[in-house]
Amino acid sequence: MTRHPKKLDFPVSQVRRYLEPGPIVLVSSAWQGKTDVMTLGWQTVMEFSPSLVGLMISAGNHSFELIRQSRECVINLPTTALTDIVVGVGNTSGADIDKFAHFGLAAEPASEVGAPLIAECHACFECRLHDDALVDTYNFFIFEVVKAHVAPSPKHPETLHYLGGGEFMVSGKIISRRSQFRPEML
């Protein structure tokens, strides 16, 4: 039997508290000798093969032009161990400080793109711009992941999901319904 919880009117400007698409990531970039890292919560998987990921990057963000000009970035997946760094990176501008140095992040060379990997992150996904048709209108970049680096353990890291208002939700318990899926849907 399905429960029907009572629903109240809710401000549409706050629906992100329920619909954020995925974990907070740190996006690193490089262009003409300058590097930056930004905190980002607006990304979405768009396709499996090729592996396409959409990122909404505000034009007011210092990383925007580095990414637009270089046409590449690295999507780095932090865990809850980096919560304070995630917040700090998001509250500062790379126009004012070197965020790698300021926050003690180790920049490692990527193998396919010029932007650095962040060594402290659980996973790093090297990306090249696949489609920029929505950048001028919506600041929405579509990237192809061209190389993925993932720590083998833990299999399900604790990641941060931003709810707005300075609050995060931590990824929770894993439940499996694998046996209920058609094989081609896994």
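By convention here, each chain's residues receive numbers from 1 onward along its written sequence. Residue-level local features of this predicted model are given only where pLDDT is at least 70; pairs of side-chain atoms are given and counted only at 80 or more, and the full residue set underlies all totals for whole chains, interfaces and linings. Neither water nor hydrogens contribute to the side-chain values; these are computed over all heavy atoms in the structure.

Using the following cut-off: UniProt positions are given in the numbering used here, feature names are shortened, and annotations may be inferred rather than shown by experiment.
Labelled according to an unreviewed UniProt entry, the protein chain appears under the name Flavin reductase family protein, originating from Rhodomicrobium udaipurense. The annotation that UniProt attaches to the protein chain under Sequence similarities (unreviewed entry) is "Belongs to the flavoredoxin family."

Quick notes on the pairing of strand E1 (residues 25–31)
Within a regular strand, the side chains alternate between the two sheet faces. We apply this condition: Only protein chains enter the accessibility calculation, which uses a 1.4 Å probe; a residue is then buried when its area is under 20% of its type maximum, exposed when over 50%, and partly exposed in between. Secondary structure elements are defined from DSSP: runs of H or I of at least 4 residues count as helices, runs of E of at least 2 residues count as strands, and each element is numbered from the N terminus. Paired strands, in this sense, are two strands between which DSSP finds at least two bridges.
Most of E1 is tucked away: 6 of the 7 residues are buried. With 7 bridges joining them, E1 and strand E2 (residues 34–40) adopt antiparallel strand pairing. Residue Leu26 lies in a different strand from E2, and its bridge partner there is Thr39. Hairpin connection, E1 to E2: the antiparallel pair is bridged by 2 residues, and Gln32 has positive phi, about 50°. Here E1 pairs with strand E5 (residues 72–77) via 3 bridges, running antiparallel.

Re the nonpolar core
Applicable threshold: Within this scheme, the nonpolar core is defined by two criteria: the residues are buried Ala, Val, Leu, Ile, Met, Phe, Trp, Tyr or Cys, and they are joined through side-chain atoms within 4.5 Å. Residues count as neighbours in contact if any of their non-hydrogen atoms are within 4.5 Å of one another.
Counting residues in hydrophobic clusters, the biggest one holds 19 residues, and the most contacted among them are Val27, Leu55, Ile57, Cys73, Phe141 and Phe143. Elements with a contribution of two residues or more to this core: E1, E2, strand E4 (52–56), helix H2 (62–70), E5, strand E8 (123–131) and strand E9 (140–150). Residue contacts for Phe143: discarding those within four places in its chain leaves Ser51, Leu52, Val53, Leu55, Ile67, Arg71, Glu72, Cys73, Cys127, Arg128, Leu129 and His130. Judged by nonpolar contacts, the second largest core, of 18 residues, contains Phe100, Ile118, Cys124 and Leu160.

Here we look at the packing of aromatic side chains
For any pair of aromatic rings, the description consists of the separation of the ring centres together with the inter-plane angle of the planes. Note the following rule: Pairing of aromatic side chains requires ring centres within 6.5 Å, counting the rings of Phe and Tyr and the six-membered ring of Trp. Pairs whose planes differ by under 30 degrees are stacked, by over 60 edge-to-face, and all others tilted.
All chains considered together, the criterion is met by 3 aromatic pairs. Taking the centre distance of 5.5 Å and the plane angle of 75° together, the rings of Phe64 and Phe141 count as edge-to-face. Remark: Phe141 occurs in strand E9 and Phe64 occurs in helix H2; sequence separation between them is 77 residues. For the pair formed by Phe64 and Phe141, the shared burial category is buried. Seen in terms of ring centroids, Phe141 and Phe143 are 5.8 Å apart; in terms of plane orientation they differ by 10°. Their pairing is stacked. Across this residue pair, the class does not change: Phe141 and Phe143 are buried. Members of the aromatic cluster, connected to one another through ring pairs, are Phe64, Phe141 and Phe143.

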